[in-house]
Amino acid sequence: MTNNNHSLRADINDCRIIKLPTHCDPAGNLIVAQNSNNLPFAIERVFYIYDIPTDAHRGGHAHYREQQLIVAAAGCFDVEVTDGTTSRTFTLRRPSEALYVPAGLWRAMKNFAGASVCLTLSSTHYDENDYIRNFDQYLSLLK
Ligand code: T46
């Protein structure tokens, strides 16, 4: 199935943790995410979510084209990903660990610790047409 001529392909095994280079210093640590530094895509957009209630659920959608690296810049939360067949839950708690979520996977974020900040590096500009926000529709698109 396609949107804007892009097929929806999903494989949970493409989802993985990528370690970001960290420069440790007694005065504070510095982490770098730079294009071509072992990142799976070129970064087009950055957004972050903060002031997140601990019982909040975010995400709950898939993307046709957008790839992401999701980082717990502060605090801790779970990202549940599924390809419609297999699900995995990643607990993000280190700013140096980015979860790579390729296009086509459904993701949901929950169990936020207080004062968490969810930083996302994205491969695309924002485009609401790239979202699949209905899980039944998502499953039928995979068939
Ligand atoms: C994702 C997870 C990890 C914009 O106007 N521009 C943007 O770049 C983004 C990301 C959102 N928005 C607007 C669209 C909605 O009116 O901000 C509002 C909240 O977005 P959404 O409900 O999609 O937020 P989340 O936390 O459910 O999902 C976001 C990203 O949208 C999504 O791509 O994978 O974070």
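A brief look at the structure comes next. Keep in mind it's a predicted model, so treat the numbers as computed, not measured.

The next thing to look at is the sheet that holds strand E8 (residues 68-74). What holds strands together in a sheet is hydrogen bonding between their backbones, with the strands either parallel or antiparallel. Ordered by their spatial adjacency, 5 strands build an open sheet running E3-E11-E8-E13-E6, and the pairing between neighbours is antiparallel. Two strands bound the open sheet, and with one partner strand each, they are strand E3 (16-19) and strand E6 (45-49). When the angles between neighbouring strand axes are averaged without regard to direction, this sheet yields 30°. Bridge analysis of E8 against strand E13 (residues 117-122) gives 6 bridges, and the strand direction is antiparallel. Paired with alanine 72 across the two strands is cysteine 118, which belongs to E13.

Moving on to the layout of surface pockets. In this structure, the largest pocket encloses a volume near 220 Å³. Contributing to the lining of the largest pocket are 16 residues, with Phe47, Ile49, Gly59, His61 and Tyr131 lying nearest its centre. Put simply, the parts of the chain that give the lining of the largest pocket at least two residues each are E6, strand E7 (58-63), E8, strand E12 (106-110) and E13. Here the lining of the largest pocket is composed, by residue class, of 7 nonpolar, 5 polar and 4 charged.

Around the ligand, the structure places 14 residues, and the nearest of them are Arg45, Arg58, Gly59, His63 and Tyr131. The separation between an oxygen atom of the ligand and a polar side-chain atom of arginine 45 is 2.4 Å. Contact between the ligand and glutamine 68: an oxygen atom at 2.9 Å from a side-chain N or O atom of the residue. When each cavity is represented as a set of grid points, the ligand is found to reside in the largest pocket. Listing elements by their share of the shell around the ligand, those giving two or more residues are E6, E7, E8 and E12. The element best represented in the shell around the ligand is E7, accounting for 4 residues.

A word on a nonpolar patch on the surface. On the surface, Val46, Tyr48 and Tyr50 cluster together into a nonpolar patch covering about 360 Å² of accessible area. Secondary-structure assignment places tyrosine 50 in the loop between E6 and E7.

We now examine the environment of isoleucine 43. Along the chain, isoleucine 43 turns up in the loop between strand E5 (30-31) and E6. Between the C-alpha atom of isoleucine 43 and that of serine 123, which follows or precedes it by 80 residues, the distance is 5.0 Å. The residues contacting isoleucine 43, other than those within four sequence positions of it, are Ala33, Asn35, Leu121 and Ser122.

Even without glycine at this site, asparagine 111 takes up a positive phi of about 55°. As for its position among the elements, asparagine 111 is in the loop between E12 and E13. For asparagine 111, a relative accessible area of 47% corresponds to the partly exposed category. Positive phi values are uncommon outside glycine, yet alanine 115 reaches one of about 65°. Secondary-structure assignment places alanine 115 in the loop between E12 and E13. Classification of alanine 115 by relative accessible area gives exposed; the value is 66%.

A few words on the packing of aromatic side chains. Evaluation of the coordinates by the stated rule reveals 6 aromatic pairs. Measuring from centroid to centroid gives 5.5 Å for tryptophan 106 and tyrosine 138, while their planes differ by 45°, and the two rings are tilted. Remark: tyrosine 138 occurs in helix H1 (residues 135-142) and tryptophan 106 occurs in strand E12; sequence separation between them is 32 residues. Take tryptophan 106: its relative accessible area is 11%, and that puts it in the buried class. Taken together, Trp106, Phe135 and Tyr138 form an aromatic cluster joined through their ring pairs.

Reading guide: rules and limits
- Residues numbered from 1 in each chain as written.
- Predicted model: local features only at pLDDT ≥ 70, side-chain atom pairs only at ≥ 80, totals over all residues.
- Heavy atoms only, no water.
- Pairing = 2+ DSSP bridges.
- Helix = DSSP H or I, 4+ residues; strand = E, 2+ residues; numbered from the N terminus.
- Axes fitted to C-alpha atoms, helices over the stretch in contact; angles between N-to-C directions.
- 1 Å grid on protein atoms, 1.4 Å probe; cavity = no way out; pocket = protein on both sides within 12 Å on 5 of 7 lines; lining within 4 Å.
- Points joined across faces, edges and corners; volume = space filled by probe spheres on them.
- Nonpolar A, V, L, I, M, F, W, Y, C, P; charged D, E, K, R; others polar.
- Near = heavy atom within 4 Å.
- Polar contact = N/O pair within 3.5 Å; in protein donor to acceptor, adjacent residues only side chain to side chain.
- Sits in = over half its atoms within 2 Å of the grid points.
- Patch = residues over 30% accessible without salt bridge, like charges linked within 9 Å, V, L, I, M, F, W, Y side chains within 5 Å.
- Areas by Shrake-Rupley, 256 points an atom, 1.4 Å probe, with all protein chains shown as cover.
- Salt bridge = Lys/Arg side-chain N within 4 Å of Asp/Glu carboxyl O.
- Contact = heavy atoms within 4.5 Å.
- Buried < 20%, exposed > 50% of the residue type's maximum accessible area, 1.4 Å probe, protein only.
- Phe/Tyr/Trp six-rings, centres within 6.5 Å; stacked < 30°, edge-to-face > 60°.

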